[in-house]
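# What the coordinates show
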Amino acid sequence: MSAHKIYVPGDAAAVALGADKVAQAFADAFKAKGLDVQIVRNGSRGMHWLEPLVEVVTPFGRRVGYGPVNPKDVGPLLEAGLLEGQSASLYLGNVEKIPFFAKQQRFTFARCGIVDPLSLDDYKAHDGYKGLARAIELGGPATVEEVFDSGLRGRGGAGFPTGIKWRTVAQTPPQQKYIVCNADEGDSGTFADRMIMEGDPFTLIEGMTIAGLAVGATKGYVYCRSEYPHAIAAMNGAIKIARKAGYLGQRIAGSDYDFDMEVRVGAGAYVCGEETSLLESLEGRRGLVRAKPPLPAHKGLFGRPTVINNVVSLCSVPFILANGAKTYSDVGFGRSRGTMPIQLAGNVKYGGLFECAFGITLGELVEEVGGGTFTGRPVRAVQVGGPLGAYFPTSLFDTEFDYEAFAKKDGLIGHGGIVIFDDTVDMARQARFAMEFCGVESCGKCTPCRIGAVRGVETLDKVIAGQDRERNLQVVEDLCHTMKLGSLCALGGFTPYPVMSAITHFPEDFGRGAPLSVAAE
Amino acid sequence: MTTGYAATSAARGRYEAWTPARGTEIIADHLAMEGATLPILHAMQETFGYVPQDAVPLIADALNLSRAEVHGTMTFYHDFRHEPAGKHVVKVCVAEACQAAGGHVTSAQVSKALDCAFGETRPDGQVTLEPIYCLGLCSCSPSAMVNGRLIGRLDDEAIEEIAAECRS
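Chain B is annotated in an unreviewed UniProt entry as Formate dehydrogenase subunit gamma of Hansschlegelia zhihuaiae.

As recorded in an unreviewed UniProt entry, chain A goes by NADH-quinone oxidoreductase subunit NuoF and comes from Hansschlegelia zhihuaiae. UniProt lists a comment for chain A under the heading Sequence similarities (unreviewed entry), and it reads "Belongs to the complex I 51 kDa subunit family."

A few words now on the overall build of chain A. Scanning chain A from N- to C-terminus turns up 22 helices and 16 strands. Whereas a compact globule of 521 residues would reach a radius of gyration of roughly 24 Å, chain A reaches 24 Å, a difference of no more than 12%. Across its three principal directions, the C-alpha atoms of chain A cover 75 × 60 × 40 Å. Residues counted as buried form 64% of the 521 residues belonging to chain A. Here the contacts in chain A between residues at least 6 apart in sequence split such that 70% fall between residues at least 24 apart. Here chain A displays about 18300 Å² of accessible surface, and carbon together with sulfur accounts for 52% of that area. Computing the positive centroid from 53 side-chain charges and the negative centroid from 58, chain A places the two 4 Å apart.

Here the focus is empty space enclosed by the protein. Under the defined criterion, the tally for this structure stands at 1 cavity of 30 Å³ or more. Surrounding the largest cavity, A:Val271, A:Val289, A:Ser442, A:Cys443, A:Gly444, A:Lys445, A:Cys446, A:Cys449, A:Leu488, A:Cys489, A:Leu491 and A:Gly492 form its lining.

The next subject is the side chain of A:Ser501. Residue and element names in this part refer to chain A. By secondary structure assignment, the location of serine 501 is in helix H21 (residues 496-505). A residue is classified by how much of its surface remains accessible, and serine 501, at 6% relative accessible area, is buried. From its side chain, serine 501 meets the backbone nitrogen of tyrosine 391 in a polar contact 2.8 Å long. When sequence neighbours within four positions are dropped, the list of residues in contact with serine 501 reads Ala390, Tyr391, Pro496 and Phe506.

Glancing now at the layout of surface pockets. All names here are of chain A. Estimates place the volume of the second largest pocket at around 1300 Å³. Only helix H8 (162-170), strand S9 (306-310), helix H16 (403-408) and helix H20 (490-494) provide two or more residues apiece to the lining of the second largest pocket. In terms of residues, the lining of the second largest pocket owes the most to one element, S9, which gives 5 residues. Looking at the lining of the second largest pocket residue by residue, the classes come out as 22 nonpolar, 17 polar and 11 charged.

Another point: the UniProt feature "binding site: [2Fe-2S] cluster" (unreviewed entry) in chain B. Residue and element names in this part refer to chain B. Under the UniProt annotation, "binding site: [2Fe-2S] cluster" (unreviewed entry) lies at Cys93, Cys98, Cys134 and Cys138. Their sequence span is 46 residues, while the largest C-alpha to C-alpha distance among them is just 9.5 Å; these annotated residues converge on one region. Judged by its relative accessible area of 4%, cysteine 93 is buried. Not counting residues within four places of it along the chain, the set of residues in contact with cysteine 93 comprises Cys98, Ile132, Cys134, Leu135 and Ser143.

Here we come to the interface of chain A and chain B. Bring the parts together and some accessible area is lost; that lost area is often taken as the interface size. In this assembly, 74 residues from chain A lie in contact with 45 residues from chain B. Note on chain A versus chain B: buried area summed over both sides is about 4600 Å², and carbon and sulfur give 57% of it. Across the contact surface, chain A and chain B share 27 residue pairs in polar contact (both at pLDDT 80 or more). Top contributing element to the side of chain A that touches chain B by residue count: helix H17 (residues 427-441) of chain A, with 6 residues. For the side of chain A that touches chain B, the per-class residue count stands at 39 nonpolar, 20 polar and 15 charged.

Take the side chain of B:Ser111 next. Examined against the element boundaries, B:Ser111 turns out to sit in helix H6 (residues 103-114). If near-sequence neighbours (up to four positions away) are discounted, B:Ser111 is found in contact with B:Cys116, B:Ala117, B:Phe118 and B:Leu129.

Residues and elements named next belong to chain A. In this structure the tally under the stated criterion is 40 salt bridges over all chains. Note that glutamate 262 and lysine 219 form a salt bridge whose closest N and O atoms lie 2.8 Å from each other. Here lysine 219 lies in strand S7 (residues 219-224) and glutamate 262 lies in strand S8 (residues 260-265), a separation of 43 residues in the sequence. With its nearest N and O atoms 2.7 Å apart, the salt bridge here joins glutamate 470 to arginine 512.

What counts, and at which threshold
Residues numbered from 1 in each chain as written. Chains lettered and ligands numbered in written order. Predicted model: local features only at pLDDT ≥ 70, side-chain atom pairs only at ≥ 80, totals over all residues. Heavy atoms only, no water. UniProt positions renumbered as here; feature names shortened; annotations may be inferred. Helix = DSSP H or I, 4+ residues; strand = E, 2+ residues; numbered from the N terminus. Rg over C-alpha atoms; globule rule 2.2 N^0.38 Å. Buried < 20%, exposed > 50% of the residue type's maximum accessible area, 1.4 Å probe, protein only. Contact = heavy atoms within 4.5 Å. Areas by Shrake-Rupley, 256 points an atom, 1.4 Å probe, with all protein chains shown as cover. Lys, Arg positive; Asp, Glu negative; His and termini not counted. Charge placed at Lys NZ, Arg CZ, Asp CG, Glu CD. 1 Å grid on protein atoms, 1.4 Å probe; cavity = no way out; pocket = protein on both sides within 12 Å on 5 of 7 lines; lining within 4 Å. Points joined across faces, edges and corners; volume = space filled by probe spheres on them. Polar contact = N/O pair within 3.5 Å; in protein donor to acceptor, adjacent residues only side chain to side chain. Nonpolar A, V, L, I, M, F, W, Y, C, P; charged D, E, K, R; others polar. Buried area = accessible area lost by both parts, 1.4 Å probe. Salt bridge = Lys/Arg side-chain N within 4 Å of Asp/Glu carboxyl O.

Here you go:
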């Protein structure tokens with residue numbers, strides 16, 4: 001047992017900001033001084049403007065933070081008494097008292113950034129595997145009902161009730177069934193899946209195990225995008241540990257249930273985040289979208305009944321089982337129950353992950369939590385819900401963060417990513433990018449998406465060049481209408497959201513007059 | 001003592017030369033898997049640095065698929081290379097969160113500093129520059145991945161470091 005313990009995040013965002021070098025600098029300094037200090041590579045607390053955020057356990061057992069730490073700060077910080085938790089430059093005190101953190105309600109991310117991601121003991125000491133214990137006690141059918149009662153809806157973006165998906169699979173006759181975790185988090189502005197897989201991978205394992213037990217599936221796959229090497233490494237490491245400890249494999253945790261899982265790596269296709277395309281990819285084919293029905297719940301992976309859920313949905317399950325459906329559903333707004341890990345990204349002062357109950361307004365999130373832009377310029381637009389989400393002007397900042405409230409304003413919350421743009425943004429270029437992205441990533445199966453996206457880019461290029469603007473904008477609107485109603489999946493079907501919202505809310509960027517609501521401000 | 005996991009990043013210059021025997025061995029390692037095509041293609045690329053054309057019929061034969069099916073799968077995904085990449089691989093995120101943080105300017109700067117267009121390998125084989133749609137570093141954008149290493153808040157200094165690394 002080391003005399004001291006410090007935490008240097010191994011989260012990819014922290015690493016991108018130099019955390020590996022900081023950890024190395026600490027290791028070198030401890031070696032030179034002959035100090036026995038344990039360096040834990042934890043997940044991120046989600047306050048990315050403070051990364052690398054180093055935490056120290058003081059002799060009194062308190063945990064205090066310093067950040068953002070640069071490798072050259074390591075020597076001076078140790079001199080100033082970092083190991084004793086002394087106040088020094090970069091001193092943050094108890095990081096849980098920082099307003100950004102203190103205002104959150106962390107259900108799903110309760111352990112992320114706190115525990116050692118690959119320590120099963122640490123996981124269990126922080127309420128880990130309590131959910132599974134309860135599920136084993138309840139049995140499959142009651143576990144499904146518990147998830148249904150929690151009101152949990154798919155956090156990948158579609159917002160479909162998780163309990164209904166589980167029920168459908170549970171009701172199919174006994175046979176080989178699968179749990180598939182969609183970890184193909186391709187939306188720009190989102191990183192919740194990545195963070196929890198890196199910072200608390202056992203939560204996903206527990207969530208998938210509970211899902212398996214609930215519906216009678218014995219095999220699980222995590223389909224993770226290849227752009228996330230750290231998450232893949234963390235998941236693979238955790239699966240090995242869980243298997244060795246009897247939490248995966250036959251008779252899990254001493255029960256009568258069997259469940260095992262593995263990670264499969266995607267290959268850079270955004271469309272594989274669409275559930276049927278993902279299943280095709282897992283089966284080893286081109287990621288072409290399947291027509292529904294049949295639903296994956298009836299005929300999913302290899303034609304078998306399959307639960308396919310997003311990472312955050314599955315990671316919410318252990319909390320729901322451990323604390324009861326009511327604890328989860330007691331918070332929220334309207335039909336959106338529980339909490340949502342919201343990701344603040346792009347040109348933002350305080351960027352990171354903010355988990356809170358549904359119902360907070362977009363304005364609060366952007367201005368109060370996020371602190372506006374880091375460039376210090378006024379916010380002009382925010383894109384909510386990834387590349388297929390609508391652009392919102394500041395005049396809609398009173399919109400509550402809720403599936404239905406966003407739908408009413410012709411937008412979507414998607415996977416909870418908010419990308420903030422300042423007043424230098426050219427919305428015509430953003431609309432063109434949405435079409436371009438759809439064209440690059442289209443699987444090609446349906447015509448509205450495959451052809452519409454290419455025509456969209458061509459036509460928006462004409463609009464941008466000032467060529468016959470009004471007529472070409474009408475063509476774009478017509479294209480969007482066809483894509484929205486005629487596409488097989490959300491890629492073609494939702495690309496009109498960013499395009500049409502840009503044209504509607506920011507007409508001046510397309511050579512049309514300013515909208516009244518913006519002009520009135 | 002340090003705990004944690006280490007992401008494996010492709011170490012440059014460690015790739016093997018293609019031989020059918022080695023290809024067959026890789027395939028054999030994966031035959032017990034359900035849906036083995038993508039794992040095999042990934043393993044081929046990790047071993048040889050790309051997926052050699054000659055691997056396609058071997059995979060098709062082993063998995064009882066047509067060559068067209070394997071070719072179709074391989075060409076669908078952006079990740080799989082048809083020829084070896086440059087000595088250094090630089091991927092710059094071009095998605096919205098990075099655009100919001102000035103990514104249009106930085107990506108052009110990177111291209112200029114490396115003297116390499118996006119989607120291409122420089123004629124001297126020293127560097128391949130690719131656009132990537134999101135590394136999940138959207139709160140510290142613009143971001144890039146250089147030889148498997150992540151870089152956030154790409155600024156002039158970071159771009160100069162990338163250029164220096166790619167000269168080595």
